[in-house]
Amino acid sequence: SVSPPHLQNDPRFRALLAQTIQTALLRERTRPSPPCDTLSSCRRALSLERRRSLSLALRLAEYELLARYASCSLHNDMEADEEARMNRIRRWVGRKEREMAEEKGRVVMELEREEK
């Protein structure tokens, strides 16, 4: 399987993968077979070709799903990282505003003391 370990245990990914594989299997099973000269050679060629194409179709379906899922996952991770960064900036700005207000209060009190 080409699925990364962190996705192999994800039930949504497994369900999407199973659905995608079933679609690929159905598409491969309904595909027309190539013509052959003799019945036995045709059977052998057809059996081999179907096994090969089924394997490729399953691998392709898994890659397509993985690409789609990874793209969405990456986008979600990037959004979460950006949101966390914005929250850190907001907290930092809030801290600085409080510190400046406290400093302003201290300066005002010192100036009042000096005026007396």
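Rules and cut-offs
- As a convention, each chain's residues are numbered from 1 in the sequence order in which they are written.
- The predicted origin of the model limits local features to residues at a pLDDT of at least 70 and limits the giving and counting of side-chain atom pairs to 80 or more, whereas totals for whole chains, interfaces and linings rest on all residues.
- Side-chain figures throughout are based on the complete set of non-hydrogen atoms in the structure, without hydrogens or water.
- Note on conventions: DSSP H or I runs of at least 4 residues are helices, E runs of at least 2 residues are strands, and numbering of each starts at the N terminus.
- Relative accessible area decides the class of each residue, using a 1.4 Å probe on protein chains only: under 20% of the type maximum gives buried, over 50% gives exposed, and in between gives partly exposed.
- Method for areas: the Shrake-Rupley scheme with a 1.4 Å probe, in which residue coverage is limited to the protein chains shown.
- Nonpolar cores are built from buried Ala, Val, Leu, Ile, Met, Phe, Trp, Tyr and Cys residues. Side-chain atoms within 4.5 Å join them into one set.
- Every patch collects residues that have over 30% relative accessible area and no salt bridge, joining them within 9 Å if they carry like charges and within 5 Å if they are nonpolar side chains (Val, Leu, Ile, Met, Phe, Trp, Tyr).
- The rule for a salt bridge is simple: a side-chain nitrogen of Lys or Arg has to be within 4 Å of a carboxyl oxygen of Asp or Glu.
- A positive count includes Lys and Arg, and a negative count includes Asp and Glu. His and the chain ends are not counted in either.
- For the purpose of locating charges, the reference atoms are NZ of Lys, CZ of Arg, CG of Asp and CD of Glu.

Trainee: How would you explain the overall build of the protein if you had to name every residue and give the values?
Mentor: Per the secondary structure count, the protein includes 3 helices and 0 strands. Each helix and strand of the protein, placed in order from N terminus to C terminus, yields the pattern α-α-α. Counting all 116 residues of the protein, 16% fall into the buried class. Summed over all atoms, the accessible surface of the protein reaches about 9,700 Å², with 57% contributed by carbon and sulfur.

Trainee: Describe in detail the nonpolar core, supporting the description with residues and values.
Mentor: Counting 5 residues, the largest nonpolar core is built from Phe13, Leu17, Leu65, Leu66 and Tyr69. Elements supplying a minimum of two residues to this core: α2 (11-29) and α3 (39-115). In terms of residues, this core owes the most to one element, α3, which gives 3 residues.

Trainee: So what about a negative patch on the surface? Which residues, and what values?
Mentor: Taken together, the side chains of Glu110, Glu112, Glu114 and Glu115 present a region of like negative charge at the surface. The topology assignment puts Glu110 in helix α3. Taking the relative accessible area as the measure of exposure, Glu110 reaches 43% and is therefore partly exposed.

Coordinates in, geometry out; function isn't part of it.
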